[in-house]
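Working through the structure, step by step
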Amino acid sequence: QVQLVESGGGLVQAGGSLRLSCAASGSIFNINLMDWYRQAPGKQREMVAGITDGGSTNYADTVKGRFTISRDNAKNTVYLQMHSLKPEDTAVYYCNAGIRRGRDLRFIDYWGRGTQVTVSS
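Heads up: these notes are all about the structure in this document. Nothing here was measured: the structure is a model prediction, and the numbers come from that model. (Residues numbered from 1 in each chain as written. Predicted model: local features only at pLDDT ≥ 70, side-chain atom pairs only at ≥ 80, totals over all residues. Heavy atoms only, no water.)

This part takes up the sheet that holds strand β8 (residues 77-82). One open sheet holds the four strands; their spatial order is β1-β3-β8-β7, and the pairing between them is antiparallel. At either end of the open sheet lies a strand with only one pairing partner, and these are β1 (2-7) and β7 (67-72). Taking each pair of neighbouring strands and ignoring which way they run, the sheet shows an average axis angle of 15 degrees. (Pairing = 2+ DSSP bridges. Helix = DSSP H or I, 4+ residues; strand = E, 2+ residues; numbered from the N terminus. Axes fitted to C-alpha atoms, helices over the stretch in contact; angles between N-to-C directions.)

Okay, here's the thing in structure tokens:
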């Protein structure tokens, strides 16, 4: 079994900062892409930021310059540092990772259960 567990969400005032973490555990051979997504009430889930196992990153235009994604491959953990938070950043934030459980197995997408981020104005 493989699990992704997010942490670090909470309530913060506009302009504040939060750091999210997502740890993958279980039977893991390696992880390629790790992403953060978010879903606000009444809206579709959207990609926020992604990072490859080599460290290449990409961001949604709405968070560029404010959010930074990073990962610790030894700990199978991805982070999302969020600065200058805005009320429109309020959402449930989900971790997604492409994980291979064996050398001869294919990568499969796994999702965490999400962590709530609420930004008050």
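As for its position among the elements, threonine 115 is in strand β11 (residues 115-120). Of note is the side chain of threonine 115, whose polar atom sits 3.2 Å from the backbone nitrogen of glycine 9. Not counting residues within four places of it along the chain, the set of residues in contact with threonine 115 comprises Glu6, Ser7, Gly8, Gly9, Leu20, Ala91, Val92 and Tyr93. (Polar contact = N/O pair within 3.5 Å; in protein donor to acceptor, adjacent residues only side chain to side chain. Contact = heavy atoms within 4.5 Å.)

What follows concerns the packing of aromatic side chains. Scanning all chains against the criterion turns up one aromatic pair. The positively charged end of arginine 45 is found above the aromatic ring belonging to tyrosine 94, 3.8 Å away from the centroid. Positioned above the aromatic ring of tryptophan 111 is the side chain of arginine 45, whose terminal nitrogen or guanidinium carbon lies 4.8 Å from the ring centre. (Phe/Tyr/Trp six-rings, centres within 6.5 Å; stacked < 30°, edge-to-face > 60°. Lys NZ or Arg CZ within 6 Å of the ring centre and 35° of its normal.)

Our next topic: unusual backbone geometry. At asparagine 76, a residue that is not glycine, the phi angle is positive and equals roughly 50 degrees. Locating asparagine 76 in the fold gives a position in the loop between β7 and β8.

With that settled, consider the pattern of salt bridges. Enumeration over the complete set of coordinates arrives at four salt bridges. Between aspartate 61 and lysine 64 there is a salt bridge, with the nearest N and O atoms lying 3.2 Å from each other. Taken together, the shared-partner salt bridges in this structure form one network comprising Arg38, Glu46, Arg66 and Asp89. (Salt bridge = Lys/Arg side-chain N within 4 Å of Asp/Glu carboxyl O.)

This part takes up the environment of threonine 77. Summarising the element assignment, threonine 77 is placed in strand β8. Judged by relative accessible area, threonine 77 falls into the buried class, the value being 8%. Considered as a pair, threonine 77 and isoleucine 31 are 46 residues apart in the sequence and their alpha carbons are 9.9 Å apart. For threonine 77, the contacting residues outside a window of four places in its chain are Cys22, Ala23, Met34, Ser70, Arg71 and Asp72. At a separation of 2.9 Å, a polar atom in the side chain of threonine 77 contacts the main-chain carbonyl oxygen of lysine 75. (Buried < 20%, exposed > 50% of the residue type's maximum accessible area, 1.4 Å probe, protein only.)

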